[in-house]
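A structural walkthrough
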Amino acid sequence: MNPGIDLQGSFVRALIDLGLPSGVAKTVWLPLPMLLMLVVATVSIFICVWLERKISAGAQQRIGPEYVGPIGALQAVADGVKLIFKADITPAKSDPWLFAIGPAIVVIPVFLSFLIVPFGQNLVITDLGIGIFLWIALSSIAPIGFLMAGYSSNNKYSLLGGLRAAAQSISYEIPLALSVLAVVLMTNGLSTIDIVNQQSGYGFLGWNIWRQPVGFVIFWISALAECERLPFDLPEAEEELVAGYQTEYTGMKFGLFYVGSYVNLMLSALIVSVLYLGGWSFPIPVETITGLLGVSESAPVVQLLSASLGIVMTLIKAYLLVFLTILLRWTVPRVRIDQLLDLGWKFLLPVSLVNLLLTAGLKLTFPFAFGG
Amino acid sequence: MNLAEGVQFVSLVILGGLMIFSALGVVLLSNIVYSAFLLALTFISVSGLYILLNAGFVAAAQVLVYVGAVNVLILFGIMLVNKVEVFSEVKNAWVGKAATGAVCAGLFGLIGTMVTSHPWAISTAPAAGDKAIEVIGQHFFSDFLLPFELASILLLVALVGAIVLARREFLPDLVAPQQEALTLPERPRELVAAGVRDED
Amino acid sequence: MLNFLKQVGDYAKETAQAAKFIGQGLSVTFDHMKRRPVTVQYPYEKLIPSERYRGRIHFEFDKCISCEVCVRVCPINLPVVDWEFNRETKKKTLNHYSIDFGVCIFCGNCVEYCPTNCLSMTEEYELASYDRHNLNYDNVALGRLPYKVTNDPMVTPMREFGYLPKGVMDPHDLPAGTQRAGRLPKDILAELETQKAKEDAKKASVEAAE
């Protein structure tokens, strides 16, 4: 297997060569990928917001943002600046502490989950053994934030929205986890790196989407519900609940919910591309291309190129999925709360269980194709 | 003490303090919603302690099960119950309090003797690290098979019970019919044997 | 058992159908993305109102004979006509006239029935103000002429949909001198006139022959 570029190793070695002790060198390295990931996540908000506005406009024959920055790319920055300068109002008789903590609890786990998103063989903050399980665990914290925000707002719509959000989150977590489990069953490991490596080899034919089509659809539906994207945006259903748990929020606290939802969308798209679309792998394996061109795989230029190709591929796949969600947003009407729970408990849960059983059976029968 | 150990020590102190104070808050605060939220904090600091012990899987499972499921359900229960009861003096309330105190003291004594009697010898075997999941799985399906299966049967029973409760169809037009003890208002419904369905 | 399998099959069929319909919906939405935007960037570009546009009402004070027909035909008796009877000339003299555009529905009845044509519709539609009482226009405000969009140097005037050539949806970057679909009224009029002239000539020649 191609080891790829080891940024950490080379960075630490360079610092040691400069005369630093190895412990200090590693400590200096530690915050760098985290900071980079924070920046990537924050920039992804701007890209997502821009895409959302532009694609929505395209679907409705409008132009969308045009004047803020080149082709309206800085619209999200303008929105953010506006939110920062707005008055931060705490409603009367609300619970100021819970009111302030709620949005933070929604946002922090989403950012933490970026720990396990890989962009290349070594381009990941930590290759945890529990990998994808960490994401599932962290995404289960968000409902507490919704409940907190809904409860503390002293508003019946907020409370209802918070309860709905939490109910939706916990009911779609189960099919989500079960479809992840089917992928994990084929990988023999929870690590995101292992999941991608198991799919590489046959180019796009080896991607999990061919072996787990049902799992892919279930995962995508559940991820949309977890992100509270349309058609599952019931917690903020404006016709019924004003804006759900966000009703009483203003300024940057409201902005945090906004940030959380867009980063969560991006994160879900990245995870889908890792789980089902081969992560950073190019549709034609890089090994085949280098073999055809007669270039050594370990040449530094080739390694650099394949690493950047990996990052670009991951992002392209993720943004394609974001595009699909936005298209879905303008196609499918919002479901009712009973339809939502019906879909979650009576359709997705049994189907994902059957999918898991089938995967286990296929794994035993065809170990070469379904990961022995 | 090198840097890593220092970080570990500081995290241990912070997590331990958080856990103790939030647990005290769960018990002592009069607002039940605060107690529930602080319970989540307690669980999260416990999971932090697991991470310090190199048990990543257990930590994540702790967050998923206790914070993501149990605590959310507790919060749901608190927020959906809307019953305001007037405080009324209970006769001989001290009996209950005394009984609670006795049980708590007994539990404390039990745990205390366990703490003092346990050898607390640190295992010399290397930590499983990322392989911990496999070790846990092997234990589940060999020497801990019985408790594992018992737990799943318990969950199945709870699931069936929840379905039975949820499937009940209330009769809104009947005004408080005379009930026998331990029955719930329910539309009479003939039981259909599983697997056999009448033609329709 | 067979019944159960049939149920499962039906359910699967329904699911497949639902998926198919969602796919159709997605393709429709995707198809819309290929269409060009029809946006008019409003404060910088404005549509030219059509000839029969019913905008703010214009009022000519001197033509008014205070007959109050406008008040009678108005669905809500909106125009306020303040006049006095002049005993010497035995005519009404108008003191004030006002229409509240916060209440007016721009139906155009007053314009239609005004015997002296002192009321007329303009193409002005930008009446927004911070106070609804500012919408109560008196005879001075009603007498102001609207600013034409085509004369405004800040604004790029755009043709409305009905004034575009056949098959063109986008009013932007039209080549100069393009005509709208169909014939212009003046062309029709000119043709009618030539036809009439021809007929007249024919009639004249026939008469001459007799």
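An unreviewed UniProt entry annotates chain C as NAD(P)H-quinone oxidoreductase subunit I originating from Phormidesmis priestleyi Ana. Annotation of chain C in UniProt includes, under Subcellular location (unreviewed entry), the sentence "Cellular thylakoid membrane".

Taking an unreviewed UniProt entry as the reference, chain B is identified by name as NADH-quinone oxidoreductase subunit J belonging to Phormidesmis priestleyi Ana. For chain B, the Subcellular location (unreviewed entry) comment in UniProt is given as "Cell membrane".

Next up on the list: the interface of chain A and chain B. Residue-level contacts link 24 residues of chain A with 24 residues of chain B. Taken over both partners, the interface formed by chain A and chain B buries close to 2000 Å², and the fraction arising from carbon and sulfur atoms is 84%. Counting across the chain A and chain B interface gives 0 salt bridges. The interface formed by chain A and chain B holds 1 residue pair in polar contact (both at pLDDT 80 or more) in total. Within the residue set of the side of chain A that touches chain B, elements represented by two or more residues are α6 (131-139), α7 (142-152) and α8 (156-187) of chain A. Broken down by element, the side of chain A that touches chain B gets its largest block of residues, 6 residues, from α8(A). Its residues assigned to classes, the side of chain A that touches chain B comprises 18 nonpolar, 3 polar and 3 charged.

Our focus in this paragraph is the UniProt feature "binding site: [4Fe-4S] cluster 1" (unreviewed entry) in chain C. Residues and elements named next belong to chain C. Sequence positions flagged by UniProt for "binding site: [4Fe-4S] cluster 1" (unreviewed entry) are, in local numbering, Cys64, Cys67, Cys70 and Cys114. Across 51 residues in sequence, these annotated residues keep their C-alpha atoms within 10.6 Å of one another, forming a single compact spot. On the basis of relative accessibility, which here comes to 18%, the residue Cys64 falls in the buried class. The contacts of Cys64, once residues within four sequence positions are left out, are Phe59, Leu94, Thr116 and Cys118. Relative to the helices and strands, Cys70 is located in helix α2 (residues 69-73). Setting aside residues up to four positions removed in sequence, Cys70 forms contacts with Pro79, Val81, Tyr97, Cys110 and Leu119.

On inspection of all chains with the given rule, the structure shows 22 aromatic pairs over all chains. Note on A:Phe323 and C:Phe30: the rings are 6.1 Å apart at their centroids and 85 degrees apart in plane angle, and the pair reads as edge-to-face. Highlighted residues: A:Phe323 in helix α15 (residues 300-329) and C:Phe30 in helix α1 (residues 2-33), drawn from two different chains. What links up through ring pairs into an aromatic cluster is the set A:Phe99, A:Phe146, A:Tyr245, A:Tyr249 and A:Phe257. Above the ring of C:Trp83, the side-chain terminus of C:Lys92 is found at 4.6 Å from the ring centroid.

Among the nonpolar cores identified, the biggest contains 89 residues, and A:Ile132, A:Trp135, A:Phe219, A:Leu275 and A:Val322 are the most heavily contacted of them. If you tally residues by element for this core, the top one is helix α13 (residues 251-275) of chain A, at 11 residues. Non-local contacts of A:Phe219, meaning those with residues more than four positions away in its chain, are made with A:Trp135, A:Leu176, A:Ser179, A:Val180, A:Ile271, A:Val272, A:Leu275 and A:Tyr276. In this structure, C:Cys118, C:Leu127, C:Ala141 and C:Leu142 belong to the second largest nonpolar core, which totals 24 residues.

To continue, consider the environment of B:Ser47. Residues and elements named next belong to chain B. Inspection of the secondary structure assignment puts Ser47 in helix α2 (residues 32-52). Judged by relative accessible area, Ser47 falls into the buried class, the value being 5%. In this structure the C-alpha to C-alpha distance between Ser47 and Phe57, which are 10 residues apart in sequence, comes to 9.7 Å. Here Ser47 is in contact with Ala59, Gln62 and Val63, once residues within four sequence places are set aside.

Before going further, it helps to spend a moment on the confidence of the model for chain B. All names here are of chain B. Residues with a pLDDT of 70 or more make up 80% of chain B, whose mean pLDDT is 81. Confidence, read as mean pLDDT per element, is least for helix α5 (residues 132-140) in chain B (84) and greatest for helix α4 (residues 93-117) (91). Ignoring residues within four places in sequence, the model shows residues 196-200, a span with pLDDT below 50, making 3 contacts including any to other chains.

Bringing the UniProt feature "transmembrane region" (unreviewed entry) in chain B into the picture now. Residues and elements named next belong to chain B. Here, the residues flagged by UniProt with the feature "transmembrane region" (unreviewed entry) are residues 6-29, 36-57, 63-82, 94-115 and 144-166. Between the first and last C-alpha atoms of residues 6-29 the distance is 34 Å; the span itself is 96% helix and 0% strand. Across residues 94-115, the secondary structure splits into 100% helix and 0% strand, with the terminal C-alpha atoms separated by 31 Å.

Close approach of charged atoms lets side chains of opposite charge pair. Residue and element names in this part refer to chain C. Across all of its chains, the model carries 14 salt bridges over all chains by this definition. The salt bridge partner of Asp10 is Lys6, with a shortest N-O separation of 3.4 Å. Here Asp10 and its partner Lys6 are both found in helix α1, 4 residues apart, which amounts to about one turn of the helix. Residue Arg35 pairs with Asp31 through a salt bridge whose shortest N-O separation is 3.5 Å. For Asp31, a relative accessible area of 32% translates into the label partly exposed.

Within a sheet, each strand pairs with its neighbour through backbone hydrogen bonds, oriented either parallel or antiparallel. Residues and elements named next belong to chain C. With antiparallel pairing, the 3 strands of this open sheet are ordered in space as β3-β4-β6. Edge positions in the sheet fall to β3 (80-86) and β6 (136-138), since each has one partner strand and no second. Within the sheet, the average angular offset between the axes of one strand and its neighbour, ignoring direction, is 20 degrees. Of the pairings in the sheet, the one linking strand β4 (residues 91-100) to β6 comprises 3 bridges and is antiparallel in character. Within the sheet, the bridge partner assigned to Ile99 lies in β6 and is Tyr137.

To continue, consider the UniProt feature "binding site: [4Fe-4S] cluster 2" (unreviewed entry) in chain C. Residue and element names in this part refer to chain C. As recorded in UniProt, the sites labelled "binding site: [4Fe-4S] cluster 2" (unreviewed entry) are Cys74, Cys104, Cys107 and Cys110. Across 37 residues in sequence, these annotated residues keep their C-alpha atoms within 10.9 Å of one another, forming a single compact spot. Looking at where Cys107 falls in the secondary structure, it is placed in the loop between β4 and α3 (109-113). Excluding residues within four positions of it along the chain, Cys107 makes contact with Arg54, Pro75 and Met121. Among the secondary structure elements, Cys110 is positioned in helix α3. With residues up to four places along the chain from it excluded, the contact list for Cys110 reads Ile57, Cys70, Val73 and Leu119.

All names here are of chain C. Pairing of β3 with β4, which is carried by 7 bridges, proceeds in the antiparallel orientation. Across the sheet, the residue bridging to Val81 is Tyr97, located in β4. The antiparallel hairpin formed by β3 and β4 contains 4 residues in its connecting segment, where Lys90 sits at a positive phi of about 55 degrees.

Let us look at the domain arrangement of chain B. Each assigned domain of chain B is listed here: domain 1 (7-82) and domain 2 (130-168). Inter-centroid distance (C-alpha atoms) of domain 1 of chain B to domain 2 of chain B is 23 Å.

Thresholds, definitions, all that
- Residues numbered from 1 in each chain as written.
- Chains lettered and ligands numbered in written order.
- Predicted model: local features only at pLDDT ≥ 70, side-chain atom pairs only at ≥ 80, totals over all residues.
- Heavy atoms only, no water.
- UniProt positions renumbered as here; feature names shortened; annotations may be inferred.
- Contact = heavy atoms within 4.5 Å.
- Buried area = accessible area lost by both parts, 1.4 Å probe.
- Salt bridge = Lys/Arg side-chain N within 4 Å of Asp/Glu carboxyl O.
- Polar contact = N/O pair within 3.5 Å; in protein donor to acceptor, adjacent residues only side chain to side chain.
- Helix = DSSP H or I, 4+ residues; strand = E, 2+ residues; numbered from the N terminus.
- Nonpolar A, V, L, I, M, F, W, Y, C, P; charged D, E, K, R; others polar.
- Buried < 20%, exposed > 50% of the residue type's maximum accessible area, 1.4 Å probe, protein only.
- Phe/Tyr/Trp six-rings, centres within 6.5 Å; stacked < 30°, edge-to-face > 60°.
- Lys NZ or Arg CZ within 6 Å of the ring centre and 35° of its normal.
- Core = buried A, V, L, I, M, F, W, Y, C linked by side-chain atoms within 4.5 Å.
- pLDDT = per-residue confidence, 0-100.
- Pairing = 2+ DSSP bridges.
- Axes fitted to C-alpha atoms, helices over the stretch in contact; angles between N-to-C directions.
- Domains from an automatic or database assignment.

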